[in-house]
Amino acid sequence: MAGWVRRKDADGKPYWHREAVEQRATGNTATAPSSQILLLSTDASPLQEKGLAGPTEATLTPPPATLSLQAQARLSQAYRDLHQRVTEAGLYETPYLTGYGPEIARYTLLAVSSAYAYSHQWFMTSAVFLGLLWHQLVFTAHDLGHMGVTHNWTLDRLISIAIADFIGGLSIGWWVQNHNVHHIVTNHPSHDPDIEHIPFFAISTSFFSSLWSSYYKRTMVFDRFAKFLISLQHKLFYIVMAFARFNLYANSYVYLIQKASDTKRARGGTWAWRLEVLGIAFFWSWYGRVLYGTGSWQTALAYLLVSHIVPSPLHVQIVLSHFSMSTADLGPTESFPHRQMRTTSDVICPESIGWIHGGLQLQVTHHLFPRLPRHNLKKASVLVKQFAEENQLTYAEFGFVAGNKDVLGVLRNVAEQVKIVGMVAQSEVVEAVEKSTPELKNKQG
């Protein structure tokens, strides 16, 4: 919270290092409450900090809370009671036959259709079916990452590596690490990697301060390039989302490179990391052969783009549940259920097409119970809505079209703020020049 972390020197001795400095709210508004703490970068040298005692009582003492500790404690107890009801209802039991049976049939149909079209040189048709296959497989990989299928870490990880790495070319290890943090500190500008998309997107003006990311361990620089893109973000939203899968590749491979030297610290140790690397190599081997077999670089490029753009509605769906929700930090007093329901929303859709969203349109229930099998979210959401009503909490939900409008509205509002900040800065420069001009003339005279 205060930007302090423990590190080890060359001799293996631990010391405190301040990687970021805190920025506390100066007022108390809905978007920047008095309890809010954001992080900014610091240029302090670790060598100079070894002699310091580390964080002080002042830096560890949270600002005044806007929430009642007693009310949040009661809400936490009500949540534990809800969890007991969900468990007793048998909703943690995976519906293998009725849940994954139809999905496996769907995956098989899409894979066979892609291969059949490819064998007849209907390359763009093949690319569409492959993209749809990736789109659908992500939902099962998601379940496995949450240990929501067999509920055995090793088995779920082995299956997820087969799907994510070998078939999809993405690191499940990276995704789990990223996604777990997202579930813990949902929509916090300094901590949640799922909303840290500078220079392309900013869903809050807090990002104008060039915040420090505790996840990425870097400053999210709000420079001229970022200002330009964010001023147009509501217009570029769908274009950027169309190519979002390439960003997943980059994050996946950076993660695997970083983990090359510390695989023993992660669960699964060396074998999981090696299997992931093998899976990525296998993916580019078969997918590269698919591209090569199209006959020309132009067709290969088209196949590449189509197969990667087709799954893009999934990326849009994911951000719909968070981009238009609160990014305020209500402090450590806030309970887990209160934060999840404040920062998450559902996407309403007919049950007949729920499979397109993979069942993950029910994000509120998923965030409250991350390890709950995806196919049971619908039943659990009935209990969650009762819980929300009993505890005077807002259960946010909206349709797919309305959700897109809300997200675009948030992006547009932030984009307009960028322009306003630029106009103010330009006005201040002009005013300063005008004030300095007579002084210069007087000195010259």
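None of these values were measured; they are calculated from a predicted model. (Residues numbered from 1 in each chain as written. Predicted model: local features only at pLDDT ≥ 70, side-chain atom pairs only at ≥ 80, totals over all residues. Heavy atoms only, no water.)

**Q** What am I meant to see in the overall build of the protein chain here?
**A** Helix and strand counts for the protein chain stand at 17 helices and 8 strands. In terms of overall size, the protein chain behaves like a compact globule, its C-alpha atoms giving a radius of gyration of 25 Å where 445 residues would be expected to give roughly 22 Å. Looking at the 445 residues of the protein chain, the share that counts as buried comes to 47%. Considering only contacts in the protein chain between residues 6 or more positions apart, those separated by 24 or more positions represent 68%. Summed over its atoms, the accessible surface of the protein chain is roughly 22,400 Å², and 61% of this surface lies on carbon and sulfur atoms. (Helix = DSSP H or I, 4+ residues; strand = E, 2+ residues; numbered from the N terminus. Rg over C-alpha atoms; globule rule 2.2 N^0.38 Å. Buried < 20%, exposed > 50% of the residue type's maximum accessible area, 1.4 Å probe, protein only. Contact = heavy atoms within 4.5 Å. Areas by Shrake-Rupley, 256 points an atom, 1.4 Å probe, with all protein chains shown as cover.)

**Q** Honestly, unusual backbone geometry in this entry has me stumped. Any pointers?
**A** The omega torsion of the bond from Ile-198 to Pro-199 falls at 15 degrees, within 30 degrees of zero and hence cis. Considering the arrangement of structural elements, one finds Pro-199 in the loop between α7 (172-184) and β5 (212-213). One non-glycine residue, Gln-121, lies in the positive phi region at around 65 degrees. Relative to the helices and strands, Gln-121 resides in the loop between α4 (96-119) and α5 (123-145).

**Q** What should I look at first to understand the packing of helix α10 (residues 244-259) against helix α11 (residues 269-292) in this one?
**A** Helix packing geometry: the angle between the two helix axes and the distance between the axes. The geometry of α10 relative to α11 is characterised by a closest axis approach of 11 Å and an angle of 140 degrees between their N-to-C directions. Accordingly, the angle class assigned to the pair α10 and α11 is oblique. As for how α10 packs across α11, the hand of that crossing is left-handed. Here Tyr-249, Tyr-253, Tyr-255, Leu-256 and Lys-259 of α10 come into contact with α11, specifically with Trp-273, Glu-276, Ile-280, Phe-283 and Trp-284. Here the contact of α10 with α11 is built from residues that sort into 8 nonpolar, no polar and 2 charged. (Axes fitted to C-alpha atoms, helices over the stretch in contact; angles between N-to-C directions. Parallel < 35°, antiparallel > 145°, perpendicular 65-115°, else oblique. Left-handed = near helix turned anticlockwise from the far one by under 90°. Nonpolar A, V, L, I, M, F, W, Y, C, P; charged D, E, K, R; others polar.)

**Q** I tried to follow the pattern of salt bridges on my own but got confused; where do I start?
**A** Side-chain pairing between opposite charges can occur once the charged atoms of the two side chains come close. Under the criterion given, the structure shown has 7 salt bridges. The closest approach of N and O atoms between Glu-19 and Lys-217, which form a salt bridge, is 3.0 Å. Here Lys-217 lies in the loop between β5 and β6 (218-219) and Glu-19 lies in the loop between β2 (14-18) and β3 (20-24), a separation of 198 residues in the sequence. Taking relative accessible area as the criterion, Glu-19 reaches 6% and is therefore assigned buried. For Lys-217, a relative accessible area of 44% corresponds to the partly exposed category. We note a salt bridge from Glu-334 to Arg-339, for which the minimum N-O separation is 3.6 Å. Each of the two residues, Glu-334 as well as Arg-339, counts as buried. Linked through salt bridges whose partners overlap, the residues forming this network are Glu-103, Asp-143 and Arg-374. (Salt bridge = Lys/Arg side-chain N within 4 Å of Asp/Glu carboxyl O.)

**Q** Quick question: what am I supposed to make of empty space enclosed by the protein here?
**A** Space left empty within the atom packing is revealed by a probe, the size of a water molecule, rolled over the atoms. Taken as a whole, this structure holds 1 cavity of 30 Å³ or more when the rule is applied. Taken as a whole, the largest cavity spans an internal volume of roughly 40 Å³. Lining the largest cavity are His-142, Asp-143, His-146, Gly-148, Leu-360, His-366, Pro-370, Arg-371, Leu-372, Arg-374 and Leu-377. Looking at the lining of the largest cavity residue by residue, the class counts come to 4 nonpolar, 4 polar and 3 charged. (1 Å grid on protein atoms, 1.4 Å probe; cavity = no way out; pocket = protein on both sides within 12 Å on 5 of 7 lines; lining within 4 Å. Points joined across faces, edges and corners; volume = space filled by probe spheres on them.)

**Q** How should α7 be read in this particular structure?
**A** Along an α-helix, residues three or four positions apart point the same way, because every turn accommodates 3.6 residues. If you check α7, its first and last C-alpha atoms are 18 Å apart, about what 13 residues at 1.5 Å a residue would give, namely 18 Å. Those residues of α7 that fall on the buried side of the exposure criterion are Ile-172, Gly-173, Trp-174, Trp-175, Val-176, Asn-178, His-179, His-182 and His-183. Residues of α7 that are buried sit in contact with α5, α6 (153-167), α10, α11, α14 (336-343) and α15 (363-368). Capping of α7 at its N-terminal end is provided by Ser-171; its side-chain oxygen lies 3.3 Å from the backbone amide nitrogen of Gly-173. (Expected span 1.5 Å × (residues − 1). Polar contact = N/O pair within 3.5 Å; in protein donor to acceptor, adjacent residues only side chain to side chain.)

**Q** Please explain the UniProt feature "transmembrane region" (unreviewed entry) in the protein chain as it appears in this structure.
**A** Residues given the UniProt feature "transmembrane region" (unreviewed entry) here are residues 158-176, 197-216, 236-256 and 268-288. In the segment residues 197-216, helix accounts for 0% and strand for 10%; the C-alpha atoms at its two ends are 11 Å apart. Regarding residues 268-288, the helix share stands at 95% and the strand share at 0%, and the terminal C-alpha atoms are separated by 29 Å. (UniProt positions renumbered as here; feature names shortened; annotations may be inferred.)

**Q** Looking at this structure, I do not really get the nonpolar core. What am I missing?
**A** A general trend in soluble globular proteins is that nonpolar side chains are found buried together. Membership of the largest hydrophobic core comes to 28 residues, with the highest contact counts inside it found for Ile-198, Ile-203, Phe-207, Ile-230, Phe-237, Met-241 and Phe-323. Elements with a minimum of two residues in this core: α8 (224-230), α9 (233-242), α13 (312-320) and α17 (400-444). With 6 residues, α17 is the largest single contributor of residues to this core. Ignoring sequence-local partners within four residues, the contact set of Ile-203 consists of Ile-195, His-322, Phe-323, Thr-327, Val-410, Leu-411 and Val-414. Among the nonpolar cores identified, the runner-up in size contains 23 residues, and Phe-139, Leu-314, Val-384 and Ala-388 belong to it. (Core = buried A, V, L, I, M, F, W, Y, C linked by side-chain atoms within 4.5 Å.)

**Q** Sorry if this is basic, but what is going on with α10 here?
**A** Taking 1.5 Å of rise per residue, the 16 residues of α10 would be expected to cover 22 Å, and the 23 Å separating its terminal C-alpha atoms lies within 8% of that figure. Those residues of α10 lying buried are Ala-244, Arg-245, Tyr-249, Asn-251, Ser-252, Tyr-255, Leu-256 and Lys-259.

**Q** Sorry if this is basic, but what is going on with the environment of Met-124 here?
**A** Summarising the element assignment, Met-124 is placed in helix α5. Residues Met-124 and His-375, spaced 251 residues apart in sequence, show a C-alpha to C-alpha distance of 32 Å.

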